[in-house]
Amino acid sequence: MVHHYYFLNEIFSALGLGHFAHKYQHVVHSWFVMLIMIIGAFFLARGIQMFPRKGQNFLEIIVDGLENFMVEITGPEGRAFFPYIATIFLYIFVSNLIGLIPGFFSPTANYNTTLSIAICTFVLTHVIGIKFHGAKYIKHFLGPSLALAPLVFVIEMIGHLARVMSLSIRLFGNIFGKETIIGMLFGLAGLFLAPLPMLFLGVLVSFIQAVVFMLLSIVYFSIAMEEAH
Amino acid sequence: MSKKSVIGISSVVLVLGMASLAMAEEGSAQAAGMWSIFGIAIASGFGIAIAAFGTGIGMGYAVNGALQGTARNPEAGGKIMTNMIIGLALIEALCIYTLLICLLLSGKIPNMGPMVDAIVKSIGG
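So, how was this worked out
Residues numbered from 1 in each chain as written. Chains lettered and ligands numbered in written order. Predicted model: local features only at pLDDT ≥ 70, side-chain atom pairs only at ≥ 80, totals over all residues. Helix = DSSP H or I, 4+ residues; strand = E, 2+ residues; numbered from the N terminus. Buried ≥ 20, exposed ≤ 12 C-beta atoms within 10 Å, placed from the backbone. Contact = placed C-beta atoms within 7 Å. Nonpolar A, V, L, I, M, F, W, Y, C, P; charged D, E, K, R; others polar. Axes fitted to C-alpha atoms, helices over the stretch in contact; angles between N-to-C directions. Left-handed = near helix turned anticlockwise from the far one by under 90°. Parallel < 35°, antiparallel > 145°, perpendicular 65-115°, else oblique. pLDDT = per-residue confidence, 0-100. Expected span 1.5 Å × (residues − 1). Core = buried A, V, L, I, M, F, W, Y, C linked by C-beta atoms within 7 Å.

1. A closer look at the overall build of chain B
Then, number 1: Secondary structure summary: chain B contains four helices and zero strands in total.
Then, number 2: The secondary structure elements of chain B, listed N-terminal to C-terminal, are α-α-α-α.
Then, number 3: The buried share of chain B, taken over its 125 residues, is 4%.
Then, number 4: Looking at chain B alone, contacts between residues at least 24 apart form 73% of all its contacts between residues at least 6 apart.

Structural data, given as structure tokens:
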């Protein structure tokens, strides 16, 4: 098995927690991503003014773009869930990107991270459905007529579980494959400038997978919010 | 080459190949292990190939639709391309599911060195 060299593992080894850092690489690196996002947000959003300067401008473009993207699909009542959607997008995007830097590991290249994010989305979908429709949310699962209700209920349950699985495996597969291929190409030690096309593709894949995860979460929320068919 | 001769030659090759595998029998457990390793190796190779074949065709349809839509209405090009990229990511996920299964399977093939040495020794080389 290839032994990777990670900066955070070295830092934790200096503190005496090397074994913990090696066993739970994805947890340690996701803490690092959280630290980056919190510190970045703190510094970029300090001193909010009416006419935005550089840092605030950058964040405003991102947040505004995401909000328009979301409201276009869910309608105006979806604005309350925008913080969760934006967090998902930024967390997944930054997590995917730090895997491209030598010495760091993408937390999303481990199935545990992606499964946890997918389960959060799944739980929030049902919370939204119950909040908007109350006890009548069950009508979403019963289908058009009452006679077919048991069969349609089973099929809908399987469909919902398949959503969790597809969200998590799609993100995990893409990022794990990217990391593996880039790891193998680094082994060529720069022959023919080998890693460069894969690194470029890696940036593209990181962004697109974050967008697709966010888009599917938005679509599931809007399905739970609308009237049953 | 006529169709009959292709079938004939390939069946001869297959029978000879399977005969050499059967000669490696050192006990029923070993023979069963040999067949399962054979099956795993073939499945992990062909599985991803078939999945990539279907994915390529599906993505071809998606890009075809996007290009035709852009050709009819060049101003909507940006929105069409955004939707095309999202569609491609969703189609590609199906190939990724198969890739994960194939990686899992190919990790289950044990180290073939000792087994190959045992086969060669049993044949008498």
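This is not the end of the story, as more comes after the structure.
2. As for the interface of chain A and chain B
Then, number 1: On the chain B side, the residues contacting the 10 residues of chain A number nine residues.
Then, number 2: Ranked by residue count, the leading element in the side of chain A that touches chain B is helix H7 (residues 149–186) of chain A, at six residues.
Then, number 3: Looking at the side of chain A that touches chain B residue by residue, the class counts come to four nonpolar, five polar and one charged.

3. Some points on the packing of helix H4 (residues 54–74) of chain A against helix H8 (residues 195–225) of chain A
Residue and element names in this part refer to chain A.
Then, number 1: Contact pair H4 / H8: the axes reach a minimum separation of 9 Å and the direction vectors enclose 35°. The crossing of H4 and H8 is right-handed. Residues Met70, Ile73 and Thr74 of H4 form the contact with H8, whose participating residues are Ile218, Val219, Phe221, Ser222 and Met225.
Then, number 2: Classifying every residue of the contact of H4 with H8 by side-chain character gives six nonpolar, two polar and no charged.

4. Structural notes on the packing of H4 of chain A against helix H5 (residues 82–98) of chain A
Relative orientation and spacing of two packed helices are given, respectively, by the angle between their axes and the distance between those axes.
Residues and elements named next belong to chain A.
Then, number 1: As a packed pair, H4 and H5 sit with axes 10 Å apart at the nearest point and diverge in direction by 120°. Relative to H5, H4 is oriented oblique. In the crossing of H4 with H5, the sense of the turn from one axis to the other is right-handed. On H5, the residues touching Val63, Leu66, Glu67 and Met70 of H4 are Phe82, Ile85, Ala86 and Phe89.
Then, number 2: Considered class by class, the residues forming the contact of H4 with H5 number seven nonpolar, no polar and one charged.

5. Quick look at the confidence of the model for chain A
Then, number 1: In this model, chain A carries an average pLDDT of 86, and 97% of its residues clear a pLDDT of 70 or more.
Then, number 2: H5 of chain A holds the highest mean pLDDT among the elements of chain A, 93, whereas helix H2 (residues 18–23) of chain A holds the lowest, 80.

6. A word on the environment of Ile138 of chain A
Then, number 1: Mapped onto the fold, Ile138 of chain A is located in the loop between helix H6 (111–133) and H7.
Then, number 2: Remark: the alpha-carbon pair of Ile138 of chain A and Arg53 of chain A, spanning 85 residues in sequence, is separated by 49 Å.

7. Overview of helix H3 (residues 25–44) of chain A
Residue and element names in this part refer to chain A.
Then, number 1: The first and last C-alpha atoms of H3 sit 28 Å apart over 20 residues, in line with the 28 Å expected at 1.5 Å per residue.
Then, number 2: Inspection of H3 places Val28, His29, Ser30, Phe32 and Val33 among the buried residues, and these make up the whole buried set.
Then, number 3: Buried residues belonging to H3 abut helix H1 (7–14), H2, H5 and H6.

8. Some details on the nonpolar core
All names here are of chain A.
Then, number 1: Within the largest apolar cluster, 27 residues are counted, with the highest numbers of intra-cluster contacts made by Ile92, Leu171, Phe213 and Met214.
Then, number 2: Contributing elements (two or more residues each) for this core: H3, H5, H6, H7 and H8.
Then, number 3: The dominant element in this core, judged by the number of residues it contributes, is H8, at seven residues.
Then, number 4: Excluding residues that lie within four positions of it along the chain, Leu171 makes contacts with Ile92, Thr108, Thr114, Gln209 and Phe213.

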